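Residue-level listing of the chains:
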Amino acid sequence: MVFEFQIPRTFDADEHGNQHTSFVQKMSPCIKYVQEELQRSRSLSSIANELIGIGMPLLMFMSVVRQATGANLGGIKGLSQWWSDDGIVDSQAFDEWAKAHEIS
């Protein structure tokens, strides 16, 4: 399955400078997609590779996964050690980390 999504490059800030609400609204199709794919037992590394393929940066991916799973940021941040602009460099280690930190 190929996820087609135009990645927003800007998010609106509220009166306090917070962009969270705008991020969740604009990224909701992507957040829902990650949730659905994880429910289908798809590996997080394969989802990540797909999102890398459409140009999603690491920090945006981490935020999407946080919203999709509710996992703690420390565990999600640890996934970055296997991230590259060309894809996940070690899918098995990436998925093992995700499972150990209850991300998938």
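The written sequence of each chain sets the order in which its residues are numbered from 1. Thresholds applied to this predicted model are a pLDDT of at least 70 for local features of residues and 80 or more for the giving and counting of side-chain atom pairs; totals over whole chains, interfaces and linings are not thresholded and use all residues. With hydrogens and water set aside, each side-chain value is computed from the structure's full complement of heavy atoms.

Participant: Is there a simple way to explain the packing of aromatic side chains in this structure?
Facilitator: Where two aromatic rings form a pair, the distance of their centres and the angle of their planes describe that pair. The aromatic pairing rule takes the rings of Phe, Tyr and Trp, using the six-membered ring of Trp, and pairs them if the centres are within 6.5 Å, calling planes under 30 degrees apart stacked, those over 60 edge-to-face and the rest tilted. All told, the structure shown has four aromatic pairs when counted by the stated rule. Between the aromatic rings of Phe11 and Phe23, the centroid separation amounts to 5.2 Å while the plane-to-plane angle is 55 degrees, which identifies the pairing as tilted. Here Phe11 is found in the segment before α1 (20-39), whereas its partner Phe23 is found in helix α1, with 12 residues between them in sequence. Across the pair, exposure class does not vary: Phe11 and Phe23 are buried alike. Pairing Phe61 with Phe94 gives two aromatic rings, centres 6.5 Å apart and planes at 40 degrees, and the pair type is tilted. Of this pair, Phe61 sits in helix α3 (residues 58-69) while Phe94 sits in helix α5 (residues 91-100), and the two are 33 residues apart along the sequence. One aromatic cluster is present, built from ring pairs that chain together Phe61, Trp83 and Phe94. Numbered from the N terminus, helices here are DSSP runs of H or I no shorter than four residues, and strands are runs of E no shorter than two. The rule is simple: take the accessible area with a 1.4 Å probe, protein chains only, and divide by the maximum for that residue type; under 20% is buried, over 50% is exposed, in between is partly exposed.

Participant: I would appreciate a short explanation of the pattern of salt bridges in the present structure.
Facilitator: Two side chains carrying opposite charge are able to pair once their charged atoms lie near each other. Each salt bridge in this description consists of a side-chain nitrogen of Lys or Arg and a carboxyl oxygen of Asp or Glu lying within 4 Å of one another. Enumeration over the complete set of coordinates arrives at four salt bridges. Two residues, Glu37 and Arg42, come together in a salt bridge whose shortest N-O distance is 3.2 Å. When its relative accessible area of 21% is taken as the criterion, Arg42 is described as partly exposed. Measuring nitrogen to oxygen at the nearest pair gives 2.8 Å for the salt bridge that ties Glu50 to Arg42. A relative accessible area of 13% means that Glu50 is categorised as buried.

Participant: Even after reading the chapter, I still don't get the confidence of the model for the protein chain, so can you show me in this structure?
Facilitator: Regions with low pLDDT should not have their predicted coordinates read in detail. Each residue gets a pLDDT score, which is the predictor's confidence in that residue and runs from 0 to 100. On average, residues of the protein chain carry a pLDDT of 89, and 98% of them reach 70 or more. Least confident of the elements in the protein chain is α1, whose mean pLDDT is 90; most confident is α5, at 96.

Participant: Quick question: what am I supposed to make of the environment of Ala100 here?
Facilitator: Relative to the elements of secondary structure, Ala100 occurs in helix α5. Residue class for Ala100 comes out exposed when judged on its relative accessible area of 58%. Spatially, the C-alpha atoms of Ala100 and His20 are 27 Å apart, while their sequence positions differ by 80 residues.

Participant: Help me out: how do you make sense of the packing of helix α2 (residues 44-53) against α5 in this one?
Facilitator: Between two packed helices, the angle of one axis relative to the other and the distance separating the axes together describe the packing. All axes are obtained by fitting lines to C-alpha atoms, using only the stretch in contact for helices, and the reported angles, taken between N-to-C directions, cover 0 to 180 degrees. It is at 8 Å that the axes of α2 and α5 come closest, and there the two elements cross at 115 degrees. Counted together, Leu44, Ser45, Ala48 and Asn49 of α2 and Ser91, Phe94, Asp95 and Ala98 of α5 form the full contact between these two elements. Classifying every residue of the contact of α2 with α5 gives four nonpolar, three polar and one charged. A contact between two residues is defined here by any heavy atoms of the two lying within 4.5 Å. Only Asp, Glu, Lys and Arg are considered charged in this grouping, and only Ala, Val, Leu, Ile, Met, Phe, Trp, Tyr, Cys and Pro are considered nonpolar; every other residue, Gly among them, is considered polar.

Participant: Mind showing me how you'd approach α3 here?
Facilitator: The α-helix advances 3.6 residues per turn, and as a result positions three or four apart in sequence lie on the same side. One less than the residue count of a helix, multiplied by 1.5 Å, gives the span that helix is expected to have. With 12 residues, α3 should cover 16 Å at 1.5 Å per step; its first-to-last C-alpha distance of 16 Å lies within 8% of that length. For α3, the set of buried residues is Met60, Phe61, Met62, Val64, Val65 and Ala68. In this structure, the buried residues of α3 make contact with α1, α2, α4 (73-78) and α5. Positive backbone phi, approximately 75 degrees, marks Gly70, located one or two places after α3.

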